[in-house]
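The primary structure of each chain is shown beneath.
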Amino acid sequence: MSDPTPVIDDLREESEELDALVARLSPEEWGLATPAPGWTVAHQVAHLAWTDRAALAAVTDEAAFRGFVERALAAPDRYVDDGAEEGARQEPAALLAAWRGGRAALESALRRAAPGARFPWYGPPMAVASMATARLMETWAHGLDVADALGVARPPTGRLRHIARIGVRARNFAYAAHGLTPPEAEFRVELTGPDGDLWAYGPEDAPQRVTGPALDFCLLATQRAHRADLALTAEGPDADRWLDIAQAFAGPPGAGRKPKGAAR
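This structure is a prediction, so every number in the text was calculated from the model and none was measured.

K.L.:
I keep staring at the sheet that holds strand β3 (residues 188–192) and nothing clicks. Help me out?
P.N.:
In a beta sheet, neighbouring strands are held together by backbone hydrogen bonds and run either parallel or antiparallel to one another. Read across the open sheet, the four strands follow the order β4-β3-β5-β6; overall the sheet is mixed. Strands at the two margins of the open sheet, each flanked by one partner only, are β4 (198–201) and β6 (233–235). Within this sheet the neighbouring strands show an average axis-to-axis angle of 10°, counted without direction. Bridge analysis of β3 against strand β5 (residues 209–213) gives five bridges, and the strand direction is parallel. Counted as the bridge partner of Arg188 is Arg209 from β5. The sheet contacts of helix α10 (residues 214–221) involve β3, β4 and β5, and relative to β5 the element is tilted by about 110°. Against the sheet, helix α11 (residues 237–245) touches β3, β5 and β6, its axis set at about 145° to β6.

K.L.:
Whenever I open this one, the side chain of Thr133 confuses me. Can you help?
P.N.:
Turning to its location among the elements, Thr133 is positioned in helix α7 (residues 128–150). Within polar-contact distance, the side chain of Thr133 engages the backbone oxygen of Ala129 at 2.7 Å. When near neighbours in sequence (up to four residues on either side) are disregarded, Thr133 contacts Val7, His162 and Ile166.

K.L.:
Help me understand the pattern of salt bridges, please; the structure alone is not making it clear to me.
P.N.:
Counting across every chain of the model gives 21 salt bridges. The salt bridge involving Glu13 is made with Arg159; its shortest N-O contact spans 3.3 Å. Placement of the pair is Glu13 in helix α1 (residues 5–22) and Arg159 in the loop between α7 and α8 (160–169), with a sequence separation of 146 residues. Note on Glu13: relative accessible area 41%, which makes it partly exposed.

K.L.:
Honestly, the packing of aromatic side chains in this entry has me stumped. Any pointers?
P.N.:
Aromatic ring pairs are reported here in terms of the distance separating the ring centres and the angle at which the planes meet. Following the criterion strictly, the structure yields eight aromatic pairs and no others. A centroid spacing of 6.0 Å and a plane angle of 50° characterise the contact between Trp50 and Tyr79, whose relative ring orientation is tilted. One end of the pair, Trp50, is in helix α3 (residues 41–60); the other, Tyr79, is in helix α5 (residues 79–88), and 29 residues separate them in sequence. Each member of the pair, Trp50 as well as Tyr79, is classed as buried. Here the aromatic cluster, defined as three or more aromatic residues joined through ring pairs, consists of Trp50, Phe65, Phe68, Tyr79, Trp121 and Tyr122. One Lys or Arg, Arg71, reaches over the ring of Phe68 and ends 4.8 Å from the middle of that ring. Directly above the aromatic system of Trp99 lies the positively charged group of Arg103, at a separation of 4.2 Å from the ring centroid.

How each quantity is defined
Residues numbered from 1 in each chain as written. Predicted model: local features only at pLDDT ≥ 70, side-chain atom pairs only at ≥ 80, totals over all residues. Heavy atoms only, no water. Pairing = 2+ DSSP bridges. Helix = DSSP H or I, 4+ residues; strand = E, 2+ residues; numbered from the N terminus. Axes fitted to C-alpha atoms, helices over the stretch in contact; angles between N-to-C directions. Contact = heavy atoms within 4.5 Å. Polar contact = N/O pair within 3.5 Å; in protein donor to acceptor, adjacent residues only side chain to side chain. Salt bridge = Lys/Arg side-chain N within 4 Å of Asp/Glu carboxyl O. Buried < 20%, exposed > 50% of the residue type's maximum accessible area, 1.4 Å probe, protein only. Phe/Tyr/Trp six-rings, centres within 6.5 Å; stacked < 30°, edge-to-face > 60°. Lys NZ or Arg CZ within 6 Å of the ring centre and 35° of its normal.

Okay, structure coming up:
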């Protein structure tokens, strides 16, 4: 993606949609449980605010970002939860203001970044478009958790194209995160977008393929739904294995979600 402007614009829209969902919540509603164990609505927004701060540091102050990495290395199993917990202890108005200010600062920094710039991250270095896509992906995924807690349905939009793309591009990272050697050959991925258009990735003649709704692939890659509950089809053993481990986010593999109907 040579011009990052479209994905930065879409990141703003995704954030504003979630902002509108939480802006008028009562203090009690900020404390509602979400599908992530132990996380309330406040934890979800606090995590986004915390990650925006990390992303802003990566874009503007590499030394400061190293501090984020050092804290992650010191507590790899807790640093995400600890960051969310710290933010969630704020008053809702203060938390909302912090999230708004942080994401505005990050957006401004991304728009000012030099063409071709790359920034450090918890996984591979990120270009401007990739950083914005990662933030959009997280905003969408955590926004789904908030909507679920509030009993609100959020229809899919064309912004999912960015998330699908990063999910496909993160294939080899997902294998490595599980201690597995990525397959040498590319897969063909064909996804049906919310408007019925086809989003295709990889060689047309690839023998191993993944097909299905783009929404389902994005839910899988962000670990917001179990594979058993999604209409995704894999052809070939490696493609089938990928659907068990796919993740679009940096860092260690998450626990994912249990199938619907499974005991919690």
